[in-house]
Amino acid sequence: MNIILLGPPGAGKGTQSAGLVERHGMRQLSTGDMLRAAVKAGTPVGLRAKEVMERGELVSDEIVSDLIDAELAGMAPGMGAIFDGFPRTAAQADALDAILARNGRVLDHVIELEVDEDALVERITGRFSCANCGALYHDTANPPSTPGVCDTCGSTEFKRRPDDNEETVRMRMQEYRAKTAPILPGYEARGIVTRVDGMAPIDTVADQIDAILGG
Ligand code: AP5
Ligand code: MG
Ligand code: ZN
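Owing to the predicted nature of the structure, the values given are computational and were not obtained by experimental measurement.

1. A short note on the nonpolar core
If you look at the biggest cluster of nonpolar residues, it comprises 29 residues, and the most contacted ones within it are Phe83, Val110 and Tyr187. Put simply, the parts of the chain that give this core at least two residues each are β1 (2-6), α2 (31-41), α3 (44-55), α4 (61-73), β3 (81-84), α5 (90-102) and α8 (184-189). Those residues within four positions of Tyr187 in sequence are excluded, and the remaining contacts are Ile4, Pro87, Ala93, Leu96, Leu107, Val110, Ile192 and Val193. Counting 20 residues, the second largest nonpolar core, distinct from the first, contains Ile111, Leu113, Val115 and Met173.

2. Looking at α2
Of all the positions in α2, only Thr31, Gly32, Met34, Leu35 and Ala38 are classed as buried. Buried residues of α2, seen end-on, are gathered within an arc of 160° and therefore sit on one face of the element. Every exposed residue of α2 that faces more than 90 degrees away from the buried side is listed here: Lys40 and Ala41. Looking at the buried side of α2, the elements it contacts are β2 (27-30), α3, α4 and β3. Downstream of α2 by one or two residues, Gly42 has phi in the positive range, about 70°.

3. Comments concerning the site of ligand 1
What surrounds ligand 1 is a group of 35 residues, the closest being Thr15, Glu57, Arg88, Arg127 and Arg172. One nitrogen or oxygen atom from the side chain of Gln92 is found 2.9 Å from a nitrogen atom belonging to ligand 1. Out of a free accessible area of 1,000 Å², ligand 1 has 96% covered by protein chains. In terms of residues, the shell around ligand 1 owes the most to one element, α2, which gives four residues. Split by residue class, the shell around ligand 1 holds 15 nonpolar, 11 polar and nine charged.

4. A short note on the pairing of strand β4 (residues 109-114)
Regular strands show a simple pattern: their side chains alternate between the two faces of the sheet. Taking burial as the measure, the six residues of β4 include five buried ones, the bulk of the element. Strand direction decides the pairing type here: β4 and strand β8 (residues 193-197), joined by five bridges, are parallel. The residue of β8 that forms the bridge with Ile111 is Thr194.

5. A closer look at the coordination of the zinc ion (ligand 3)
The coordination sphere of the zinc ion (ligand 3), as far as protein atoms go, consists of Cys130 (SG), Cys133 (SG), Cys150 (SG) and Cys153 (SG), spread over 2.3 to 2.4 Å. One can describe the donor arrangement at the zinc ion (ligand 3) as tetrahedral, given that its four donor atoms subtend angles of 102 to 115° at the metal. If you list the donors of the zinc ion (ligand 3) from N- to C-terminus, the spacing comes out as C-x2-C-x16-C-x2-C. Here Cys133 is found in the loop between β5 (127-130) and β6 (136-138), whereas its partner Cys153 is found in the loop between β6 and β7 (158-159), with 20 residues between them in sequence. Judged by relative accessible area, which is 37%, Cys133 ranks as partly exposed.

6. Some points on the sheet that holds β7
Pairing in this open sheet of three strands is antiparallel, and the strands run β6-β5-β7 from one edge to the other. What marks the edges here is a single partner per strand, and that holds for β6 and β7. Sheet topology note: the β5/β7 ladder contains two bridges and is antiparallel. Within β7, the position partnered with Ser129 by the bridge is Lys159.

Cut-offs used in this document
- Residues numbered from 1 in each chain as written.
- Chains lettered and ligands numbered in written order.
- Predicted model: local features only at pLDDT ≥ 70, side-chain atom pairs only at ≥ 80, totals over all residues.
- Heavy atoms only, no water.
- Core = buried A, V, L, I, M, F, W, Y, C linked by side-chain atoms within 4.5 Å.
- Buried < 20%, exposed > 50% of the residue type's maximum accessible area, 1.4 Å probe, protein only.
- Helix = DSSP H or I, 4+ residues; strand = E, 2+ residues; numbered from the N terminus.
- Contact = heavy atoms within 4.5 Å.
- Arc of directions from axis to C-beta.
- Near = heavy atom within 4 Å.
- Polar contact = N/O pair within 3.5 Å; in protein donor to acceptor, adjacent residues only side chain to side chain.
- Areas by Shrake-Rupley, 256 points an atom, 1.4 Å probe, with all protein chains shown as cover.
- Nonpolar A, V, L, I, M, F, W, Y, C, P; charged D, E, K, R; others polar.
- Pairing = 2+ DSSP bridges.
- Donors = N, O, S within 2.8 Å, 3.2 Å for Na, K, Ca; no water.
- Tetrahedral: all angles 85-135°; square planar, octahedral: opposite > 155°, others 65-115°.

Everything listed here is a matter of coordinates, which is why it stays silent on function.
Here it is in structure tokens:
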């Protein structure tokens, strides 16, 4: 099973990917996470991406397509892939088709998380994650069950993303509208797009996604 989770910043792509990894043993391929790891490690890709990400603009198609290509090449053929935050442009959509074909994989579903734009800024500015294991939380919608302690690993260290401020979020939304939303009609023409109400509670969204994968 190979699926794309598509939606604007804060739609819940990362949150739902984590659930799918847990429930179905799929692998999450998040170009945002890969880029943040590269920035942290100070690799040449990280050095090129850092300021672009802080502005909320898109990193080059070539960089992110190479990241996905390398990650997929190392995966067992039977392991399902969740593409989170990729593709984001028409060129990346074409690159993904070529990469999947080379790996003998087929794109099964494009799941669009539909969200109300006004809610996104609040979602993103309330987001934090575990500094140890990366588990995602939200100040009000999804806090750890014991305040200050990660549910997954017990760590008490948390962090926030440098691009999670209102100004950068607005730029990220603009990039989504201008460059990413236009790739949907191509997938619709193939009959593989399903829309999910991303404003529903996290568990309800997860149930809707499971229904798509099972059906
Ligand atoms: P990326 O990391 O992909 O960020 P994004 O697309 O802006 O999406 P987010 O990660 O902000 O949101 P999400 O949909 O994962 O939501 P989450 O589950 O965390 O990209 C970052 C940057 O990297 C880009 O700006 C760009 O510079 C670069 N980049 C990455 N990929 C690229 C590419 N392919 N090409 C070029 N550049 C690229 O949820 C958000 C919050 O809401 C959380 O706190 C969560 O707990 C909460 N929440 C989630 N679901 C719900 C719900 N149903 N109800 C209530 N709260 C919820
Ligand atoms: Mg994410
Ligand atoms: Zn943790």
